[in-house]
Amino acid sequence: MFGDLFEEDFSFIANNHCGKGKKSKPRESEPPAPRDFTNLSGIKNQGGTCYLNSLLQTLLFTPEFREALFSLGPEELGTLDDSRKPDAKVRIIPLQLQRLFAQLLLLDQQAASTTDLTESFGWSSHEEMRQHDVQELNRILFSALETSLVGTSGHDLINRLYHGIVVNQIVCKECKNVSERQEDFLDLTVAVKGVAGLEEALWNMYVEEEYFENDNLYRCGACDKLVEASKSAKLRKLPPFLTISLLRFNFDFEKCERYKETSCYTFPIQINLRPFCEQTEMDDSEYMYELFSVIIHKGGCYGGHYHVYIRDVDELGNWQLQEEEDGLIEEKALRDTENAKETENPLAVLKGILSEEEAKQIPVDQLGQKLLEKKGMSWNKKYRKQYGALRKYLQNHPQIFQLSPDGNKVGLKETHKLLFKLDSHGQNLQSPSQKNDVQWNCEKTPPRPRATSAGCHWFDLNDSKVQPIKEKDIEKQFQGKESAYMLFYRKAQLKRPPEARGNPRYQIPEHLLNEMNAANTELQKKRAECDSANNGIDLHLHLSSCYKFHNGALHPSLSWKESVVDLTIDRRKTLGDLRQAVFQMLESWEGDMVLSMAKPLPAGLHLYQVLDGDELTLDGIGLADGADIFVWNGKEVGGTKVLTGPEHEPVVLNVLRLAEHNEGGKGQHFSEAQHVFSCSTSLGQLHSALAPAGGIILKNGSGADREAKNWEVFHEEDMKETVRSVGLRDGCSVLILDSHDQSFVNVASGNLTAFTYDISWLQVKNFCGVEEEEKHIKITATIETVMADIKMKAIRELQLEEELASESCLRPVSGNGKLLSPVPEDYTVKEAELKMGSLLGLCRGKAPTSTQLFLYFMVGSDQNCGPEMEIVVEETASVRECLNLMLEKSGLSGDNWHLRRLDWCYEAGEALSQENATLKELNVCRGDTLVITEGKLPGKGFLEIPIWWLKPSSHKKHGENAQDQVNGITWKMEALQVSAAAAPPEPTRLGLDLCYAGRIEIAGEASLEDLKMQSVVPWHLCHGHWL
Ligand SMILES: [Zn+2]
């Protein structure tokens, strides 16, 4: 599963670099990293071998051990080269250890491998390695070495350095007979549980005596009876190197499980072992030991990690950096400790006070009092907050304080008192400043005789990592999950020869020195090779002689491969070096040589900046592996001037056009062609190149992700924008829609499947032909498309003669098939108020301009009209002019005619009485119908009012009703608001019979009385009655 993931990952990367030269270089042969600034070598972790590494480093930094090992020559051990020979006596373990030590001392690598060594132990699997504990390993390793060195001068190597003797004695109280038993040791195991530190543990083991008394008596061999006796143990022989194993891992019998003791367990940098020895009369120096290695276990009891703090006795490593830093840090630390003295650890303070007491125990209250007297502070004020009540605190440290059964008195436990005094007497160990201070405490570094920091170069060796540390850091390992596990002391008397100082070659046998020298030479060589390989870059040189410039970019005249020369060069070389190399490679080159950065783009090769500054390094000018460089004269290629730089980058656009038409516009395909434009091309140029006959360009907003909804129309105001500024990039699509294109594209799956809101089509039917044609064609249009374009496309689509264009017009066809008023050619679809999808008729005759009116007219009377005719007149023409044209067209003559509008029931309605007004002023609109009506118009200022007579169905007087009708009407006729175009009012009153009496003409200025008078006349003439 994860394999797939990685494969995918890799292919992605490979694709990214496709065409960009080589893949990443193989790294297998890369030499190991050199040592870091400490100049010490770590040891690789082979999988759970950190404990081995810690131990090996400890042995390495035991100069006496490694020198003893190195002193064993091939004549005693044989050689590793002979190890495969059947009869050869080869002692592999010491040989491998020698070699490993030589590598750790001399080979310039960050970490050495222990594989050969562990194989010499017969450990082949990780399991075998993990089985061991470091304390156990120490014994196994020593045992293996001893066995392996039997019969050589090194047979006693381990014994010489590590062997000590403990003597156990039982003294019979009666006969004073001493029963004695000796124990050999290579390391001492000391308790941790319930013990405050190493000294206390040693005190318990080698100072305290055990008594056989009362019920527990000892059977004395001399007395041959049960007697009182004392039992004690002493160190009889001290080894030069004392190894201490701490019993951090215990077994909890109640819980029945192993656990790690994480309590505080101090150990001194220097220790005087005299109190624990059988013989105590020698010089103090015989008993002094110095800590030089601390193996640390981090983790729980079923696992964890080991690392080791080691003192670099011979100063082989570089501790300098750390030392300098320390100068500053220690200065500050010194100041801090002055302040910190007040808040000293209470344990130390209390122990100091109690140790000065003559009485074995003092009351706890008195201890508090003495604290106040001696240190100027009370327990409650200084410690209570952090440590709790004094009595409780004393109870919590039973290994140090002895409380009386009632808990009121306290004293130091005997061991502490004695040890304290003993330490105080070792005057020579203390610096004057420490004499008067508290001597024994967990927190303070024990005194050391070294005047300077010389020789206390400590390092933390953690597998392959080596770091300098401060001696004080050791105190961090006194307690906790990460704490000291094995301690290594060396006898202080052991002095190192001056020539060993800082000299890792000291005492290494010649053959190993040679081997390491050779290995280092090989390493250096490999690193140089690798370095050079890592710095080598492949450049692709494109030679101008192999290129032609066409279609907006450079294209190789031969195959791509033949036009490119690969050159590998060190990135640290200069541009001048590169130019020289190119000159040499080309053999013959005339004139200037210009090197330009090039980049293969989809359109072809494009050139960028000229490489300049021959003294600069290739790295410095930013030449990367796989860069393309064009070699030319800097001006032209094959006679064509080449524009360079990002502002002239060629862009390949997909140009889509509708390929053909299908009814309904669905399932339609588009043609796709690639065109190259400079990114600085304006949209205007683009438009005229792609749609010379007009039309619209749409941009697919999201490039490769083609979705119909992302098509955007470039508007007229965009035409000054450039290809780049509107975001057209390589692979972007533009759609060219000629105005006759009938549909719009949803590019998903390449089919035309959708229309957009602002793009649609109109239908056109040919009405010019003689015979009835059924063919409708569809023309794509937006609401901005101009009618002239639609007409032209329609003529082409209908395969009519082009000349027809000037002799035809487009007329909307109404739902019932009537040809409506022609649309002005300069109108847009929107202005013409055409609904998308509506049908237009292509008809003979000129279309009106936008200042002309197309009007219908007919000759008729009030009741019936003749056939409808059409006419085009300027909207600025007067009513009279319009009438004359119409009369002319209808073959009528004379001046007894006037024009009326067609009313709501398709009858002659309101008269256009203002004969000198223009049609526009009178609001005559395109498509209106006018009726030529016989008779003269009323004079100016006259109104024509239809008159209805009310015939009473009852015997009511006419006058009453007539009076009712004119109630509230002012005396001015104009105020009657009788519309000039008003139709005869509908008779609606019930119970009344209305009789249309015809129209009367009356001046607008006339009074209602005048109207009455006039109205009576026609009626009177007809009916002989008066109003
Ligand atoms: Zn006895």
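Each remark here, short or long, concerns the structure printed above.
My aim in this report is to walk through the structure given alongside it, one point at a time. (Residues numbered from 1 in each chain as written. Predicted model: local features only at pLDDT ≥ 70, side-chain atom pairs only at ≥ 80, totals over all residues. Heavy atoms only, no water.)

**What about the overall build of the protein?**
What the protein contains, in helices and strands, is 26 helices and 47 strands. Residue burial in the protein is summarised as follows: out of 1027 residues, 46% are buried. As displayed, the protein has an accessible area near 53100 Å², and 50% of this comes from carbon and sulfur atoms. (Helix = DSSP H or I, 4+ residues; strand = E, 2+ residues; numbered from the N terminus. Buried < 20%, exposed > 50% of the residue type's maximum accessible area, 1.4 Å probe, protein only. Areas by Shrake-Rupley, 256 points an atom, 1.4 Å probe, with all protein chains shown as cover.)

**Considering the packing of helix H2 (residues 50-60) against helix H5 (residues 92-106)**
The interhelical angle for the contact between H2 and H5, taken along N-to-C directions, is 80°, at an axis separation of 11 Å. Classified by the interaxial angle, the pair formed by H2 and H5 is roughly perpendicular. The segment H2 lies against H5, with Leu 56, Gln 57, Leu 59 and Leu 60 engaging Leu 97, Leu 100, Phe 101, Leu 104 and Leu 105. (Axes fitted to C-alpha atoms, helices over the stretch in contact; angles between N-to-C directions. Parallel < 35°, antiparallel > 145°, perpendicular 65-115°, else oblique. Contact = heavy atoms within 4.5 Å.)

**Here we look at the sheet that holds strand S45 (residues 929-934)**
An order of S42-S41-S45-S43-S44 is seen for the 5 strands of this open sheet, with the pairing classed as mixed. Of all the strands in the sheet, just strand S42 (869-874) and strand S44 (908-911) have a single pairing partner and so form its edges. Pairs of neighbouring strands in the sheet enclose a mean axial angle of 45°, with direction left out of account. As defined by bridge partners, strand S41 (residues 852-860) adjoins S45 across 5 bridges and the pair is classed as parallel. Each bridged residue has a counterpart across the sheet, and for Gly 860 the counterpart in S45 is Thr 933. Each of S41, S42, strand S43 (897-902) and S45 is contacted by helix H24 (residues 879-890), which is oriented at about 95° to S43, the strand it contacts most. (Pairing = 2+ DSSP bridges.)

**Structural notes on unusual backbone geometry**
As a rule of thumb, non-glycine residues mostly have phi less than zero, and peptide bonds are mostly trans rather than cis. One non-glycine residue, Asp 224, adopts positive backbone phi at about 55°. Positionally, Asp 224 belongs in the loop between strand S7 (218-220) and strand S8 (225-227). A positive phi angle, close to 65°, is found at Asn 923, a residue other than glycine.

**A look at helix H21 (residues 575-586)**
For H21, with 12 residues, the first-to-last C-alpha span of 16 Å sits near the 16 Å given by 1.5 Å per residue. Among the structural elements, strand S22 (536-543), strand S25 (564-570), strand S26 (594-601) and strand S28 (628-632) are those in contact with the buried residues of H21. Two residues or fewer after H21 comes Glu 587, characterised by a positive phi angle close to 65°. (Expected span 1.5 Å × (residues − 1).)

**A word on the packing of aromatic side chains**
In total, this model carries 14 aromatic pairs according to the counting rule given. Seen in terms of ring centroids, Phe 267 and Phe 478 are 4.9 Å apart; in terms of plane orientation they differ by 80°. Their pairing is edge-to-face. Here Phe 267 is found in the loop between strand S12 (257-260) and strand S13 (270-272), whereas its partner Phe 478 is found in the loop between strand S20 (465-469) and strand S21 (482-491), with 211 residues between them in sequence. You can call Phe 267 buried: its relative accessible area is 3%. Taken together, Phe 65, Phe 101, Phe 142, Tyr 162, Phe 241, Phe 292 and Phe 488 form an aromatic cluster joined through their ring pairs. (Phe/Tyr/Trp six-rings, centres within 6.5 Å; stacked < 30°, edge-to-face > 60°.)

**Considerations on the pairing of strand S39 (residues 808-812)**
Of all 5 residues that make up S39, 5 are buried, and the element is covered over most of its length. Where burial is concerned, the two faces of S39 agree: the one with Ser 808, Leu 810 and Pro 812 and the one with Cys 809 and Arg 811 are both buried.

**A closer look at helix H13 (residues 364-375)**
Taking 1.5 Å per residue, 12 residues should reach 16 Å; H13 reaches 16 Å between its end C-alpha atoms and fits that length. Within the span of H13, buried status applies to Val 364, Leu 367, Gly 368, Lys 370 and Leu 371. One side of H13 carries all its buried residues, which in axial view fall inside an arc of 165°. Opposite the packed face of H13, turned more than 90 degrees from it, sit the exposed residues Asp 365 and Glu 373. On its buried face, H13 is in contact with helix H12 (346-355), strand S16 (362-363), helix H14 (379-382), helix H16 (390-395), strand S17 (401-403) and strand S18 (409-412). In the segment just after H13, Gly 376 is the residue with positive phi, at about 70°. (Arc of directions from axis to C-beta.)

**Comments concerning the side chain of Gln 103**
Within the element layout of this structure, Gln 103 appears in helix H5. With near-sequence residues (within four places) excluded, Gln 103 lies in contact with Arg 35, Gln 109, Ala 112, Ser 113 and Met 516.

**Topic: the coordination of the zinc ion**
Coordination sphere of the zinc ion, protein contribution only: Cys 172 (SG), Cys 175 (SG), Cys 220 (SG) and Cys 223 (SG), at 2.0 to 2.3 Å. Because the angles between the 4 donor atoms bound to the zinc ion fall within 102 to 114°, the donor set is best described as tetrahedral. Owing to a relative accessible area of 0%, Cys 220 belongs among the buried residues under this scheme. (Donors = N, O, S within 2.8 Å, 3.2 Å for Na, K, Ca; no water. Tetrahedral: all angles 85-135°; square planar, octahedral: opposite > 155°, others 65-115°.)

**Let's talk about the nonpolar core**
Counting 63 residues, the largest nonpolar core has Phe 65 and Phe 101 as the members making the most contacts within it. Take this core: its biggest share by element is 9 residues, from H5. If near-sequence neighbours (up to four positions away) are discounted, Phe 65 is found in contact with Leu 59, Leu 97, Phe 101, Leu 145, Leu 157, Ile 158, Leu 161 and Tyr 162. One finds Val 166, Ile 244, Tyr 287 and Ile 469 within the second-largest nonpolar core, a separate group that totals 38 residues. (Core = buried A, V, L, I, M, F, W, Y, C linked by side-chain atoms within 4.5 Å.)

**Re the sheet that holds strand S3 (residues 164-172)**
Spatial ordering of the open sheet is given by S4-S3-S9-S6, a layout of 4 strands whose pairing is antiparallel. Among the strands making up the open sheet, the edge pair consists of strand S4 (178-185) and strand S6 (210-212). Along the sheet, successive strands turn relative to each other by an average axial angle of 25°, direction set aside. The sheet contact formed by S3 and strand S9 (residues 229-237) spans 8 bridges and is antiparallel.

**Things to note about the environment of Ser 545**
Of note, Ser 545 is situated in the loop between S22 and strand S23 (547-550). For the pair Ser 545 and Ser 563, spaced 18 residues apart in sequence, the C-alpha separation works out to 8.5 Å.

**Considerations on the packing of H12 against H13**
Two numbers describe how H12 lies on H13: the axes approach to 10 Å, and their chain directions differ by 100°. The angle between H12 and H13 falls in the class roughly perpendicular. Contacts between H12 and H13 pair Val 349, Leu 350, Ile 353 and Leu 354 from the former with Leu 367, Lys 370, Leu 371, Lys 374 and Lys 375 from the latter. Classifying every residue of the contact of H12 with H13 gives 6 nonpolar, no polar and 3 charged. (Nonpolar A, V, L, I, M, F, W, Y, C, P; charged D, E, K, R; others polar.)

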